[in-house]
Amino acid sequence: MGLSKTIWSNPAEFIRNVRPENPVIFFSPTQLQATARRFIDGFPGMVTYAVKTNPSEVVIENLTAAGVRGFDVASPGEIRLVRRLAPDAALHYNNPVRSRAEIAQAVELNVKSWSVDSASELEKLIEMVPADDCEISVRFKLPVAGAAYNFGAKFGATVELAAQLLARVAEAGFIPSLTFHPGTQCTDPHAWESYIREAAEIGRNAGVSVARLNVGGGFPNHRLQAVLPQIEDTFALIDRVATEAFGADRPILICEPGRGLCGDAFTHAAKVKAVRDGAHVFLNDGVYGALAELPLVGIIDRIEVVDEAGHKRNGDLESRIVFGPTCDSVDRIPGELMLPADIAEGDYMVIHGMGAYSIATNTRFNGFGDLTIATVLSLKV
Ligand SMILES: *Cc1c(COP(=O)(O)O)cnc(C)c1O
């Protein structure tokens, strides 16, 4: 992956000048910092960033510049990355299953917040992590509601087990906290409500005062033209429900958005390699590359097509089957896309809102995946 150091006005200027043969992802630092400030100003607690979503150095640096002071990390590799770029940031090691070697490295790197969802992994932490000034957050789950993707399929204790674990955390001398993840791309604010109410119940059942409640990621980015994410509504709901559920004993709130912070700061462009016999569109990127998430979370319809001079195609919209470049028949964007009828070989298909789980999950399958990051002042084509 090449990192272009020049700053371009917008994606069209880059396309006109470079006519890239490989896929490009355009990054707007201004947009990223504006979104970070929207979270910091609006969320009633501490804003942290889930590094896995997009671990590009420019993302971590710009979030730090915008005032983000905590990061959700899942591996010693992510811990070292953040320690190098933001040495003073708080690290929340929220992958509830870790090897002993990983735990030892994180202790060494001064991690002070851990999550857990099982008795066996909690005992490992109690054995290996010094308790003083250190938080263990019990991750619990409820049946999924309102999200595009179910995070509870892998992690999260039942509410009964969560109460037992929380009591054990407090007894072992750690700061007792709770955490959950409502599922990613959660467009319905109410997804958070039942979790917060249940968290208060878990605390009461454990007989423990919950120090901090981490309400996860899940905040949506702008994927469908017709659905503007109303994150302020979600912040307001979280604030109101936390007070209702916990009363005077309200914990400090934390959120750890990934997609919601970085999704809209990137726009992707793939070159049209061919319009095969006038019908199927073949791109130079696909589901093994930066478009890996589209089959999992659903398509993004914020799509524009430009010719190689950077001019927008304005033909009537027509539905098309769109394939990626590899020889695997899975490499297809699900369903059909509405694209201008005059789309032609050599054009670029531009997709907005592509900052999350794109650069991070890009593979080199079949020799493709040479993705360039280009910095732009504006993402407007
Ligand atoms: C992936 C992940 C996140 C970020 O999720 P988004 O839906 O991208 O906001 C937050 N917390 C944890 C523990 C995660 O695993």
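Residues numbered from 1 in each chain as written. Predicted model: local features only at pLDDT ≥ 70, side-chain atom pairs only at ≥ 80, totals over all residues. Heavy atoms only, no water.

**Some points on the packing of aromatic side chains**
Alright, step 1. A full pass over the atoms with the stated rule returns 15 aromatic pairs.
Alright, step 2. Geometrically, the ring pair formed by Phe43 and Phe235 is edge-to-face, given 5.8 Å between the ring centres and 80° between the ring planes. Residue Phe43 is located in the loop between helix H2 (29-42) and strand E3 (46-50), and its partner Phe235 is located in helix H9 (residues 231-246); the two are separated by 192 residues in the primary sequence. This pair shows no difference in class: Phe43 is buried, exactly as Phe235 is.
Alright, step 3. Summarising the aromatic geometry, the rings of Phe140 and Tyr195 are spaced 5.7 Å apart at their centres and angled 50° between planes, so their arrangement reads as tilted. Here Tyr195 lies in helix H8 (residues 191-206) and Phe140 lies in the loop between strand E7 (135-139) and helix H7 (159-171), a separation of 55 residues in the sequence. Each of the two residues, Phe140 as well as Tyr195, counts as buried.
Alright, step 4. The positively charged end of Arg98 is found above the aromatic ring belonging to Tyr93, 4.5 Å away from the centroid. (Phe/Tyr/Trp six-rings, centres within 6.5 Å; stacked < 30°, edge-to-face > 60°. Helix = DSSP H or I, 4+ residues; strand = E, 2+ residues; numbered from the N terminus. Buried < 20%, exposed > 50% of the residue type's maximum accessible area, 1.4 Å probe, protein only. Lys NZ or Arg CZ within 6 Å of the ring centre and 35° of its normal.)

**Comments concerning the domain arrangement of the protein chain**
Alright, step 1. When its domains are assigned, the protein chain resolves into domain 1 (2-27 + 264-376) and domain 2 (29-262).
Alright, step 2. Each of domain 1 and domain 2 was reduced to a C-alpha centroid, and the two centroids are 32 Å apart.
Alright, step 3. Contact residues are listed per partner, giving 22 residues for domain 1 and 22 residues for domain 2.
Alright, step 4. Three residues stand out in domain 1 for area buried against domain 2, namely Phe27, Asp264 and Tyr357, and they jointly supply 31% of the buried area on that side.
Alright, step 5. Residue Arg223 pairs with Glu293 through a salt bridge whose shortest N-O separation is 3.7 Å.
Alright, step 6. At the junction of domain 1 and domain 2, the tally comes to twelve residue pairs in polar contact (both at pLDDT 80 or more).
Alright, step 7. Partitioning the side of domain 1 that touches domain 2 into residue classes produces 14 nonpolar, four polar and four charged. (Domains from an automatic or database assignment. Contact = heavy atoms within 4.5 Å. Buried area = accessible area lost by both parts, 1.4 Å probe. Salt bridge = Lys/Arg side-chain N within 4 Å of Asp/Glu carboxyl O. Polar contact = N/O pair within 3.5 Å; in protein donor to acceptor, adjacent residues only side chain to side chain. Nonpolar A, V, L, I, M, F, W, Y, C, P; charged D, E, K, R; others polar.)

**Some thoughts on the pairing of strand E4 (residues 70-73)**
Alright, step 1. Judged by which residues are buried, E4 turns out to be covered on both faces: Gly70 and Asp72 on one side and Phe71 and Val73 on the other are all buried.
Alright, step 2. Bridging between E3 and E4 involves three bridges; their strand directions are parallel. The residue of E4 that forms the bridge with Thr48 is Gly70.
Alright, step 3. A crossover links E3 with its parallel partner E4, the connecting element being helix H3 (residues 57-66), and its sense is right-handed.
Alright, step 4. Bridging between E4 and strand E5 (residues 90-93) involves four bridges; their strand directions are parallel. Bridge assignment links Val73 to a residue of E5, and that residue is Tyr93.
Alright, step 5. Handedness of the crossover joining E4 and E5 through helix H4 (residues 76-85): right-handed. (Pairing = 2+ DSSP bridges. Right-handed = clockwise from strand over helix to strand, strands pointing away.)

**Observations concerning the pattern of salt bridges**
Alright, step 1. Under the defined criterion, the tally for this structure stands at 20 salt bridges.
Alright, step 2. Its salt-bridge partner being Arg204, residue Glu201 comes within 3.2 Å of it at the nearest N-O pair. One end of the pair is Glu201 and the other is Arg204, both in helix H8 and three residues apart, which spans about a single turn.
Alright, step 3. Notably, a salt bridge pairs Glu318 with Arg320, separated by 3.5 Å at the nearest N-O pair.
Alright, step 4. On the accessibility criterion, Arg320 (6% relative accessible area) is buried.
Alright, step 5. In the salt-bridge network here, residues are joined through shared partners; they are Glu193, Arg197, Arg240 and Glu244.

**Focus on the site of the ligand**
Alright, step 1. Close contacts around the ligand come from 16 residues, with Lys52, Thr184, Gly218, Glu256 and Tyr357 the closest.
Alright, step 2. Between the ligand and the protein, one listed contact pairs an oxygen atom with a side-chain N or O atom of Lys52 at 2.8 Å.
Alright, step 3. When the ligand is considered free in solution it has 390 Å² of accessible area, and contact with the protein chains removes 94% of it. (Near = heavy atom within 4 Å. Areas by Shrake-Rupley, 256 points an atom, 1.4 Å probe, with all protein chains shown as cover.)

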